[in-house]
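The chain contents come next:
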Amino acid sequence: MKRIGLSLAAIAAALVALVLTVPWLTPESVLRDTFTREIVALTGRTPIIEGQVHLAWAPLPTLMIEKVTIPGQEGLSGQEGLPPLLVADKMQGTLRLAPLVIGRIEISSLMLKRASIGLTAGKGGARSWEFKEGVLAEAAAGHFDKPMPVKTIRLVDGTIRYNDNASGRATSVSVGDVTFAWAGRSDAMSAAGIINWRDRETEIAVALADPASLIAGGKSDLRARIKGDTLNLAASGMLDGEGRLDGKVSASGASLRDTLRWLGFASPAGHSLAAYDLQSPLSLDRSAISLNEVQLSLDGNEAEGSLTVEFGRERPKVSGTLAADTLDLSAYSNELQLADGRPRKWRADHISINSLLVSDLDLRISAGETTIDKVHLGRAAATVSTRNGQLELALSEAVAYGGTLKGNIALKPADKMTVLAATASFEGIDMGSALGDLFAFRRLEGTGTGTMAVNGTGASIAELSRSLQGQANISVSGGSLVGIDLASLMQKIERRPLSARFESSYGGRTTFDLAKASFKIADGMAKTADCRMENGSLSVSLTGDANIALRSLDMAGVANWSDADAANPFRLPFRVYGGWEVPVVEPDTEALIRRSGAAAPLLRSFIRPGRDVTQDTGKNPPASAAQ
């Protein structure tokens, strides 16, 4: 028994000695030929070896090859060849032990260090990853029935570059450590590891159930996953030889804004477009990505619809429709805010929409109910589009404040400025609630109808407000002016012209049947010579300016009042001035003095009942009242 043990030990020692000795007795030329044979068997292309070839033993018997190049495909007739498929600073081929015992050197796996893989599509249709000979070529022709010469390839500290010379599209991925495995025709192919794309480290895992069929122009089931700080994505489905994938996809992340930037879509700074989650069936090919039944969660909102991203043009085009039962846009209010919070101040920060114009966009959004801070809309449908260097927001219709609202805003960059064109129309709107929520103006109530069209140019909202040109027409029925009772005030002034000025002239409201106003807008100033209010015994007319840039009013009016039997008519000028959030409405001081019997001798006039107070002096009213 002891002899048998010694014999076995001797045989083992001899085998180890043979394994250790044979490679050292193998000339470098044979090692080069062995490696060349393996690469030719796989790709049909002869590698170029510019460095040394030698053996190493730790941790396993390994063939070391330095400075290796695998050529790209030769050019078609009349065309240049493609750049190299592979350039590696160092390759390490792990050797199979069994063949090594009998003196044969066979590589089971390869590790590529500091390698660059170039996937190039030529203008004439040639591709660097298409092969005319070798196992990969046989697989593509459907004749692949051999085991893979090299079953695993590991890429460490490398780069994969894709360049389509026909379309001009190009991208580059830095590879930290990725392993590709494919044992043979009937086996699955997998790739897993860590990559770095656009300065973001990401884990990837891809599996093809039938790669041989895929290479031959057939189909294969695909499973892919991406996991990183910016994006978590899982996709599965059927992939065909033309690169079309039909399946499903899920994607999520902490910030859609960051994800879009990572994918190459410029996005301005902001706190919205944050956490998101997307689920959808998927159709993907070289020209487009189609998400046909999207379930999207973004910033706490839930929506469904369809989205398409089209390639093959100068700029990608994103189009689709999204619908939501409820839509809360309060998270976007800071970006949409026109004023900076200080009294009578528009935002002065620079407007830049260039980052929104990197793609052509045609997105239609609808909601059963929409909220933006204090603003509440009912059913609404809107379109966001970018084309020809212009951003357009169109509200086709919204149920709002008891009526309907439509509008369109177009923004276009010009040098360092932004060109604005806007139109709006509304009908049946509760003016009290609408003006209060939108502009903090709470002095007018009633049911309003109107139109507006303006345009302007500026680098900020403040500059735009100073350049506005256009017009506006408004009518309000069944309403009231809040904060003053003109009828009561005029009765007091009729009795005591001077003392009424210092009594409480504020509070209450002035009701009216109909009020109308037309404004001409020039250089940020809205001027009206046709602003009227009617209510039986009381009629009011206003002229003057609304300074859009300063958010202020400087207007003068005349109120005409008579008692129930139309006797004793009385006419009183008054002023409206100050910030439009809380304007001051008061009788004209000079008119009050002239109306007072005590002050009349000082002005050398006498007030006769029933006559215009401005006619008794033979003078024009104050400038503010005579406009």
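Residues numbered from 1 in each chain as written. Predicted model: local features only at pLDDT ≥ 70, side-chain atom pairs only at ≥ 80, totals over all residues. Heavy atoms only, no water.

## Focus: the overall build of the protein chain
A count of helical and extended segments in the protein chain gives 13 helices and 29 strands. Within the span of the protein chain, comprising 627 residues, buried residues form 40% of the whole. Partitioning the contacts of the protein chain with sequence separation of at least 6, the portion at a separation of at least 24 is 48%. Carbon and sulfur atoms make up 57% of the accessible area of the protein chain, which totals about 32500 Å². (Helix = DSSP H or I, 4+ residues; strand = E, 2+ residues; numbered from the N terminus. Buried < 20%, exposed > 50% of the residue type's maximum accessible area, 1.4 Å probe, protein only. Contact = heavy atoms within 4.5 Å. Areas by Shrake-Rupley, 256 points an atom, 1.4 Å probe, with all protein chains shown as cover.)

## Considerations on the packing of aromatic side chains
As enumerated under the stated definition, the model contains 1 aromatic pair in all. Centroid distance Trp-197 to Trp-262: 5.2 Å. Interplanar angle 70 degrees. Geometry classified as edge-to-face. Remark: Trp-262 occurs in helix H6 (residues 256-262) and Trp-197 occurs in strand E8 (residues 189-197); sequence separation between them is 65 residues. Pair check on accessibility: Trp-197 and Trp-262 agree, each one buried. Positioned over the ring face of Trp-346 is Arg-551, at 4.4 Å from the centre of the ring. In this structure, Arg-575 packs its charged tip against the face of Tyr-577, placed 4.3 Å from the ring centre. (Phe/Tyr/Trp six-rings, centres within 6.5 Å; stacked < 30°, edge-to-face > 60°. Lys NZ or Arg CZ within 6 Å of the ring centre and 35° of its normal.)

## What to know about helix H8 (residues 431-439)
Two residues of an α-helix separated by three or four positions point the same way, owing to the 3.6 residues in each turn. What H8 keeps buried is the set Met-431, Gly-432, Ala-434, Leu-435 and Gly-436. Sitting at the amino-terminal end of H8 is Asp-430, which places a side-chain oxygen 3.2 Å from the backbone nitrogen of Gly-432. In the segment just after H8, Ala-440 is the residue with positive phi, at about 60 degrees. (Polar contact = N/O pair within 3.5 Å; in protein donor to acceptor, adjacent residues only side chain to side chain.)

## As for the nonpolar core
The tendency in soluble globular proteins is for nonpolar side chains to be buried side by side. Grouped together as the largest cluster of nonpolar side chains are 55 residues, with contacts concentrated most on Phe-35, Leu-63, Ile-65 and Met-91. With 5 residues, strand E5 (residues 107-121) is the largest single contributor of residues to this core. Those residues in contact with Ile-65 that lie beyond four places of it in its chain are Phe-35, Ile-49, Gln-52, Val-53, Lys-90 and Met-91. Grouped together as the second largest cluster of nonpolar side chains are 53 residues, Leu-444, Val-476, Trp-580 and Val-585 included. (Core = buried A, V, L, I, M, F, W, Y, C linked by side-chain atoms within 4.5 Å.)

## Let's talk about the pairing of strand E4 (residues 86-95)
Here 8 bridges tie strand E3 (residues 62-70) to E4, and the two strands are oriented antiparallel to one another. Paired with Glu-66 across the two strands is Lys-90, which belongs to E4. Bridge analysis of E4 against E5 gives 9 bridges, and the strand direction is antiparallel. By the bridge assignment for E5, Ala-88 is matched with Ala-115. (Pairing = 2+ DSSP bridges.)

## Examining the pattern of salt bridges
Under the defined criterion, the tally for this structure stands at 13 salt bridges. Here Glu-130 ties to Arg-127 by a salt bridge, and the two come within 3.6 Å at their closest N and O atoms. For Glu-130, a relative accessible area of 33% corresponds to the partly exposed category. Salt-bridge contacts for Lys-527 lead to Asp-545; the nearest nitrogen and oxygen are separated by 3.3 Å. Residue Lys-527 is located in strand E25 (residues 525-535), and its partner Asp-545 is located in strand E26 (residues 538-547); the two are separated by 18 residues in the primary sequence. The partly exposed category is assigned to Lys-527, whose relative accessible area is 45%. (Salt bridge = Lys/Arg side-chain N within 4 Å of Asp/Glu carboxyl O.)

## Quick word on the confidence of the model for the protein chain
Predicted confidence across the protein chain gives a mean pLDDT of 80, with 80% of residues reaching 70 or more. Throughout residues 501-505 the model reports pLDDT below 50, and contacts reaching past four residues in sequence, or to other chains, amount to 10 contacts. (pLDDT = per-residue confidence, 0-100.)

## Some points on helix H2 (residues 28-43)
Taking 1.5 Å of rise per residue, 16 residues should cover 22 Å, and H2 covers 23 Å from first to last C-alpha, within 8% of that figure. Along H2, the positions that sit buried rather than exposed are Leu-31, Thr-34, Phe-35, Thr-36, Glu-38, Ile-39, Leu-42 and Thr-43. In this fold, the buried residues of H2 make contact with strand E1 (48-49), strand E2 (53-56), E3, E4, E5 and helix H4 (135-140). Trailing H2 by a residue or two, Gly-44 shows a phi angle of about 75 degrees, which is positive. (Expected span 1.5 Å × (residues − 1).)

## As for unusual backbone geometry
In this model, Lys-67 sits at a positive phi of 55 degrees, which is unusual for a non-glycine residue. With respect to the helices and strands, the residue Lys-67 is situated in strand E3. Not every positive phi belongs to a glycine, and Arg-551 is a case in point at roughly 55 degrees. With respect to the secondary-structure elements, Arg-551 resides in the loop between E26 and strand E27 (552-561).

## Concerning the environment of Leu-420
Locating Leu-420 in the fold gives a position in strand E21 (residues 417-430). Judged by relative accessible area, which is 15%, Leu-420 ranks as buried. For the pair formed by Leu-420 and Glu-392, sequence separation is 28 residues and the distance between their alpha carbons is 9.9 Å. Not counting residues up to four positions away in its chain, the partners in contact with Leu-420 are Ile-409, Ala-410, Leu-411, Val-454, Asn-455, Gly-456, Leu-464 and Leu-468.

## Some thoughts on the pairing of strand E18 (residues 375-387)
Pairing analysis gives 10 bridges linking strand E17 (residues 360-372) to E18, with the strands arranged antiparallel. Bridge assignment links Asp-362 to a residue of E18, and that residue is Ser-385. Remark: 2 residues form the turn of the hairpin made by E17 and E18, two consecutive strands paired antiparallel; Asp-373 in that turn has positive phi of roughly 55 degrees. Pairing of E18 with strand E19 (residues 390-400) involves 9 bridges; the strand directions are antiparallel. Residue Val-384 lies in a different strand from E19, and its bridge partner there is Leu-393. Linking E18 back to E19 in an antiparallel pair, the connection comprises 2 residues, with Asn-388 at a positive phi of about 55 degrees.

## Details of the side chain of Ser-255
With respect to the helices and strands, Ser-255 occurs in the loop between strand E12 (245-253) and H6. Given the relative accessible area of 17%, Ser-255 is considered buried. Polar contacts involving the side chain of Ser-255 include one to the main-chain amide nitrogen of Asp-258, which spans 3.1 Å. Other than its neighbours up to four places away in sequence, Ser-255 contacts Leu-273, Ala-274, Ala-275 and Tyr-276.

## Points about the environment of Asp-164
Within the fold, Asp-164 resides in strand E6 (residues 152-164). Relative accessible area serves as the criterion here: at 13%, Asp-164 is assigned to the buried category. When the C-alpha atoms of Asp-164 and Leu-119 are compared, they prove to be 8.4 Å apart, with 45 residues separating the residues in sequence. If we ignore the near neighbours within four places in the chain, the residues touching Asp-164 are Ala-121 and Arg-169. Only 3.5 Å separates the side chain of Asp-164 from the side chain of Tyr-162, close enough to count as a polar contact.

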